[in-house]
Amino acid sequence: MGSPYLSGGVGEVVYPNGLSGITKRYLGTYKNMTGCSHQQIKSKLRKKHLVLVWLSGLNRFNSHTVTLTGYDEHYFYYNNPWTGAREKVRYSYFDVMWRANGKRALSY
């Protein structure tokens, strides 16, 4: 959505289907998981497959993409490209941000 070549800096985001080619090229497969459940995300993470998710409101971004790397009883763990840190988010807060961005997700 949007163009990185136009000035303004608004609406420059790539959603799951826009990453299908590069995901297949480097990981061999691609799975658009938009609309999936927590259990489906956890299943991918148990298989050591990272899950990319789009969140609204994290670090004050309308759309911010992070990579889920794990989970426990209360949290998803993720790599945050904005802070450069591994962070965690409670499931309830994750759901608010994730639903606000259309429950977009992808894996392989």
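What counts, and where the lines are drawn
Residues numbered from 1 in each chain as written. Predicted model: local features only at pLDDT ≥ 70, side-chain atom pairs only at ≥ 80, totals over all residues. Heavy atoms only, no water. Pairing = 2+ DSSP bridges. Helix = DSSP H or I, 4+ residues; strand = E, 2+ residues; numbered from the N terminus. Contact = heavy atoms within 4.5 Å. Axes fitted to C-alpha atoms, helices over the stretch in contact; angles between N-to-C directions. Core = buried A, V, L, I, M, F, W, Y, C linked by side-chain atoms within 4.5 Å. Buried < 20%, exposed > 50% of the residue type's maximum accessible area, 1.4 Å probe, protein only. Parallel < 35°, antiparallel > 145°, perpendicular 65-115°, else oblique. Nonpolar A, V, L, I, M, F, W, Y, C, P; charged D, E, K, R; others polar.

> Before we move on, can you summarise the sheet that holds strand S1 (residues 31-32) with the specific residues and values?
Ordered by their spatial adjacency, six strands build an open sheet running S1-S6-S2-S3-S4-S5, and the pairing between neighbours is antiparallel. Where the open sheet ends on each side, the last strands, each with one partner, are S1 and strand S5 (85-90). Here strand S4 (residues 75-80) runs beside S5; their pairing, made up of six bridges, is antiparallel. Paired with Tyr-75 across the two strands is Arg-90, which belongs to S5. Along the sheet, helix H2 (residues 38-46) contacts S1, strand S2 (51-55), strand S3 (64-71), S4 and strand S6 (105-107); its crossing angle with S3, the most-contacted strand, is approximately 70°. Here helix H3 (residues 91-100) sits on the sheet in contact with S2, S3, S4, S5 and S6, set at roughly 95° to S5.

> I'd like to hear about the nonpolar core, residue by residue, with values.
The biggest cluster of nonpolar side chains holds 18 residues, and the ones touching the most others in it are Ile-41, Val-53, Leu-55, Leu-68, Phe-76, Phe-94 and Trp-98. Of all elements in the fold, only H2, S2, S3, S4 and H3 reach the threshold of two or more residues within this core. Take this core: its biggest share by element is four residues, from H3. Those residues in contact with Val-53 that sit more than four places away from it in its chain are His-64, Thr-65, Val-66, Leu-68, Phe-94, Trp-98, Arg-104 and Ala-105.

> Describe H3, listing the residues and the values that go with them.
Among the residues making up H3, those that are buried are Tyr-91, Phe-94, Asp-95, Met-97 and Trp-98. Elements that come into contact with the buried residues of H3 comprise H2, S2, S3, S4, S5 and S6. Remark: Gly-102 follows H3 within two positions and exhibits a positive phi of approximately 75°.

> An account of the side chain of His-38 is requested, with residue identities and associated values reported.
Residue placement: His-38 occurs in helix H2. Take His-38: its relative accessible area is 18%, and that puts it in the buried class. The residues contacting His-38, other than those within four sequence positions of it, are Phe-76, Tyr-91, Phe-94, Asp-95 and Trp-98.

> Now, about the packing of H2 against H3: what can you tell me, with residues and values included?
Axis angle and axis distance: for two packed helices, these are the angle between their axes and the distance between the axes, and together they describe the pair. Axis separation between H2 and H3 bottoms out at 13 Å; the angle between their running directions is 105°. Overall, the two elements H2 and H3 adopt an arrangement that is roughly perpendicular. Contact residues: H2 offers His-38, Ile-41 and Lys-42, while H3 offers Tyr-91, Phe-94, Asp-95 and Trp-98. Considered class by class, the residues forming the contact of H2 with H3 number four nonpolar, one polar and two charged.

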